[in-house]
Amino acid sequence: MIIDTTIGKRGLTDHYPELGTGPVSTEPFYSEAHYELEKQRLFRRTWLSIGRVEQVAEPGDYFVFDLAVADTSILVVRGEDNQIRGFHNMCSHRGNKLVWEEKGRSMAFPCRLHGWTYLTDGSLRSAPDENMFYDLDKTRCGLTPVNLEVHEGFIFINLQPEPDETLSEYLGEVGRRMHGFPFGKATVRYAYRAELRCNWKVSLDAFCEGYHVMFLHKKWGRDTFTTPGNPLCQFPYAGISGRHAVAAVTGNPDYKPRPAEAKIYEWATKLQQNNENNGSWLPPGVNPHDSPEFSFELMHLFPNYLVHLVEGTYFTHQFWPLSPDRTLWEGCTYYEPADNAAERFRQEHLHLLRRESWLEDTRAMESVQAMLKSGAKDEFIFHDHEMLLRHTYKTVMDYVKDNAVTS
Amino acid sequence: MNEQTLLPPGFEDLNLYLDWALATESARSRKRLGSSMEEMQKFYDAMLPRVDDVMEHLGASALEAMQPAQQNLFNLCLSLSEVSFAVEVYGQPEVPNSMQELGEAERFVIVHD
């Protein structure tokens, strides 16, 4: 599925004629009517990643995920039988939101309102004053389940009554590409979150191209991500498979660390432990030509999740629509637990590097959105290496128009 | 409190900068945004040449095994990473062109603290 590009030579998008090469409408990036269609026809049909298995490691471990885009809240819990299940977080009696805590461990979930209590498999254990109800069949009063499947440790849900396709069918080739990366080793998570004043696609698109790096991140991005042969951070390879896409981002192997980070990296390397386990994290298909200029591979798991595979770590972005011009964004970096202070110091510096760039990115997203509604421009013009944006646009429109979409 | 116990023996010179020994990233970031470039430059100039000594002293330690004085010393290191962006890259406390410049730094939530 991978197309090797020639830096500076147009033609990547030509491999996918279904995408076209013309401008695209800005209207779906702010329209109330389009947003309603996305809610109904897209987010209620696709598989959505809402967490990691490490968040529910032991029986009774649970977390709650509020899903504004589907007007619901999801309870994910590992049962006594060790199975992970998902439910609408809603009491069967009078509809109260059942669990209010963000996460925890419990073998039973009592409703605050009237004490109806559910077990980890969603079944109703007890209802106070039970004999005062008429024909109460407790076996029919469990929590409403949602479809839940796990891929490479990522927990996905699907809100269709019966999903059109399994998670593995949905993720297709890009899902298989993740195989072999040791996601389960990177159990330490550093997360940033912001409610952004922009459409979720404005936010997603900002992280799906390298064209902005030399300009928006000019203070440091040019040293880190550009090379003399690739000064505008074009993708050395990219590819589309069905609704999902990948792209490789260049790193500068000749980057000269600044004074503080030079010390940090020097000591982390000097005191590195577990040397025998330090093989590559990247599956063979990622950076297939072993380029020394490889920084990371970006994977877009449609609709709203980006997973970036880096040697020895991974990071993610996720974009949850709150309204046509509001998005809950979360950016996370995942590491193996640091076994000494020098490694913890290095990890701190690495996620601060990301935080600094994400601070630049997020403000720019809001400044795009601030202008969109003016209607002064009704089209976006996409560069050849803004192909992933074009692909997202087309895939969203296919769902909204209810065209058949498959992997 | 006896000042000598706040950092491990041999690091008394850094006692001047104990207000940078902050346990969370949110606190370190807030301290950076509330400091002048002169203050940060002074801390940076004092701290950077001591990184080798600090790492000799505690770089190989497991995080959970650190004594409170060592933890303070390590938090000074994490603050060095924090201020290095202001001192080495931007020449100002805030990330340029970010919501920090609009006075909206708190909208960017550090979830892991």
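These lines cover the structure that appears in this document, whether it is placed above or below. (Residues numbered from 1 in each chain as written. Chains lettered and ligands numbered in written order. Predicted model: local features only at pLDDT ≥ 70, side-chain atom pairs only at ≥ 80, totals over all residues. Heavy atoms only, no water.)

So, helix α1 (residues 32–43) of chain A
Residues and elements named next belong to chain A.
Turning to step 1, where the next piece is worked out: An ideal rise of 1.5 Å per residue puts 16 Å on twelve residues; α1 measures up with 15 Å between its terminal C-alpha atoms.
Turning to step 2, where the next piece is worked out: Regarding α1, the residues found buried are H34, Y35, E38, K39, L42 and F43. Down the axis of α1, the buried set is contained in an arc of 145°. They therefore lie on one face.
Turning to step 3, where the next piece is worked out: Looking at the packing, one finds that the buried side of α1 touches β3 (48–52), α3 (200–206), β18 (313–323) and α8 (387–400). (Helix = DSSP H or I, 4+ residues; strand = E, 2+ residues; numbered from the N terminus. Expected span 1.5 Å × (residues − 1). Buried < 20%, exposed > 50% of the residue type's maximum accessible area, 1.4 Å probe, protein only. Arc of directions from axis to C-beta. Contact = heavy atoms within 4.5 Å.)

What to know about the nonpolar core
Turning to step 1, where the next piece is worked out: Counting residues in each nonpolar core, the largest one holds 106 residues, and the members touching the most others are I50, L67, I74, I157, V307 and W329 of chain A.
Turning to step 2, where the next piece is worked out: Top element by residues in this core is α8 of chain A. It accounts for eight residues.
Turning to step 3, where the next piece is worked out: The next biggest cluster of nonpolar side chains, apart from the first, holds 34 residues, and it includes L7, M37, L76 and C77 of chain B. (Core = buried A, V, L, I, M, F, W, Y, C linked by side-chain atoms within 4.5 Å.)

Points about helix α2 (residues 167–177) of chain A
Turning to step 1, where the next piece is worked out: All buried positions along α2 of chain A are accounted for by L167, Y170, L171, G172, V174, G175 and R177 of chain A.
Turning to step 2, where the next piece is worked out: Where α2 of chain A is buried, its residues contact β11 (145–151), β12 (154–158), β14 (237–241), β15 (244–250), β16 (294–301) and α8 of chain A.

Observations concerning the sheet that holds strand β19 (residues 326–335) of chain A
Turning to step 1, where the next piece is worked out: On the basis of which strands lie adjacent, the open sheet formed by nine strands has the order β1(A)-β14(A)-β15(A)-β16(A)-β17(A)-β18(A)-β19(A)-β13(A)-β1(B) and antiparallel pairing. Unpaired on one side and paired on the other, β1 (3–4) of chain A together with β1 (109–110) of chain B mark the two borders of the sheet.
Turning to step 2, where the next piece is worked out: Bridge count for β18 of chain A against β19 of chain A is nine bridges, and the pairing is antiparallel. In the strand pairing of β19 of chain A, S323 of chain A is matched with R326 of chain A.
Turning to step 3, where the next piece is worked out: Contacts from α8 of chain A reach β14, β15 and β16 of chain A, with the element oriented near 165° to β15 of chain A. (Pairing = 2+ DSSP bridges. Axes fitted to C-alpha atoms, helices over the stretch in contact; angles between N-to-C directions.)

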